[in-house]
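# Close look at the chain arrangement
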Amino acid sequence: MSFGDPNNPYGQQPQGQPQQPGYGYPQQAPQGVPPQQGYGYPQQPGGQPYGAYPQTPGTLQANNGYINVPGLGTVEIASMGRRLGARLIDGAIIGVVYGILMAVGFAGIFGAAQEAADKCDPSSPLYESCVNASIQESSGGMMAGLMTMFALVGLITLLYEWLLISFVGATLGKMAVGLRVVKEKTGGKPGVGGGFIRWIIPQVGALLCGIGTLLVYLSPFFDNSGKTQGWHDRAAGTLVVKK
């Protein structure tokens, strides 16, 4: 009678039978069967291990600057540095438009005043009185032109920010630095309503001598959720993310 290998107190495995997995032995999936959930297996595309539970929409990944957005997957939240860069570029673009409109508007006003003065005879002793009377007569038209100019400037600002965010998801400044604005719950573009809400809140803040607007644009720093949402983003239900 054979007692087997003295160095193996548990006896020998029958010949032809594979050794059963146990403590200390790595487990391998049979050929043709996908790996089951367990420690040490390869990861799926996207970085999650096989068998890991999918993250729910809107879930931050350990506050490391990434968030899971429906329809987009895992995206990186825009940094405040990039957002500031986008705002500066947009401000420069709007400033150029303002400058052109102001130059054209004031040129028209001064031209109207000069035209009124040309109606008077410089050699007449009543020249100054004539000029003042002519300017007063045309002042109503000049004031109307000035108000029209300011209204046009405001309209251009509204259309620039509102329509680009609503239908494109980014202004020219955000496009330049690689950012976009998306709906937090769907991952889609903000739409007309969301874009308008996002635009109007900073404009309401401008009524407080511009301090309110500054606070709105700085409000992402006060967001404790890790999403860097400003007050205008929260009201519109939007996120600013990297493309």
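Quick note: structure is the one above.
None of these values were measured; they are calculated from a predicted model.

### Focus on the nonpolar core
The tendency in soluble globular proteins is for nonpolar side chains to be buried side by side. Of all hydrophobic cores here, the largest spans eight residues; its members are Leu60, Ile67, Val69, Val75, Ile77, Val182, Leu239 and Val241. Those elements giving two or more residues to this core turn out to be strand E1 (66-69) and strand E4 (238-242). Setting aside its immediate chain neighbours within four residues, Val241 contacts Val75, Glu76, Ile77, Ala78, Gly178, Leu179, Arg180 and Val182. Ala86, Ile165, Leu179 and Val240 belong to the second-largest nonpolar core, a separate cluster that totals seven residues.

### Some points on the pattern of salt bridges
Here the structure, examined in full by the defined rule, presents six salt bridges. Across the pair Arg234 and Asp223 runs a salt bridge, and its minimum N-O distance is 2.5 Å. With Arg234 in helix H6 (residues 231-236) and Asp223 in the loop between helix H5 (211-218) and H6, the pair connects residues that are 11 residues apart, well separated along the chain. When salt bridges with common partners are traced through the structure, they connect Arg83, Arg198 and Asp233 into a single cluster.

### Topic: the packing of helix H4 (residues 191-205) against H5
Where H4 contacts H5, the two axes come as close as 5 Å, and the packing angle between them is 135°. Judged by the angle between their axes, H4 and H5 are oblique. Contacts from Ile201, Pro202 and Gly205 of H4 reach H5 at Ile211, Gly212, Thr213, Val216 and Tyr217. A per-class count over the contact of H4 with H5 returns five nonpolar, three polar and no charged.

### Overview of the pairing of E1
Across four bridges, E1 lies against strand E2 (residues 73-76) in antiparallel orientation. Note that in E2 the partner of Tyr66 across the bridge is Glu76. If you look at the hairpin formed by E1 and E2, you'll find three residues sitting between the two strands, and Gly71 has a positive phi there, around 85°.

### A short note on H4
Spanning 15 residues, H4 covers 22 Å between terminal C-alpha atoms, matching the ideal 21 Å at 1.5 Å per step. The set of residues buried in H4 consists of Gly194, Gly195, Arg198, Trp199, Pro202 and Gly205. Across the axial projection of H4, the buried residues extend over an arc of 130°, all falling on one side.

### Regarding H5
Inspection of H5 places Gly212, Thr213 and Val216 among the buried residues, and these make up the whole buried set. The arc that holds every buried residue of H5, seen down its axis, measures 100°, which confines them to one face. For H5, the exposed residues lying more than 90 degrees away from the buried face are Ile211 and Leu214. Next to the buried residues of H5 lie H4 and H6.

### Focus: a nonpolar patch on the surface
A cluster of nonpolar side chains, namely Leu152, Leu155, Leu159, Leu163, Phe167, Val168, Leu172, Met175 and Val192, defines an oily patch on the protein surface of about 720 Å² accessible area. Broken down by secondary-structure element, the contributors of at least two residues to the nonpolar patch are helix H2 (127-168) and helix H3 (172-177). The greatest single-element share of the nonpolar patch, amounting to six residues, is contributed by H2. The residue Leu152 is located in helix H2 in this model.

What counts, and where the lines are drawn
- Residues numbered from 1 in each chain as written.
- Predicted model: local features only at pLDDT ≥ 70, side-chain atom pairs only at ≥ 80, totals over all residues.
- Heavy atoms only, no water.
- Core = buried A, V, L, I, M, F, W, Y, C linked by side-chain atoms within 4.5 Å.
- Buried < 20%, exposed > 50% of the residue type's maximum accessible area, 1.4 Å probe, protein only.
- Helix = DSSP H or I, 4+ residues; strand = E, 2+ residues; numbered from the N terminus.
- Contact = heavy atoms within 4.5 Å.
- Salt bridge = Lys/Arg side-chain N within 4 Å of Asp/Glu carboxyl O.
- Axes fitted to C-alpha atoms, helices over the stretch in contact; angles between N-to-C directions.
- Parallel < 35°, antiparallel > 145°, perpendicular 65-115°, else oblique.
- Nonpolar A, V, L, I, M, F, W, Y, C, P; charged D, E, K, R; others polar.
- Pairing = 2+ DSSP bridges.
- Expected span 1.5 Å × (residues − 1).
- Arc of directions from axis to C-beta.
- Patch = residues over 30% accessible without salt bridge, like charges linked within 9 Å, V, L, I, M, F, W, Y side chains within 5 Å.
- Areas by Shrake-Rupley, 256 points an atom, 1.4 Å probe, with all protein chains shown as cover.

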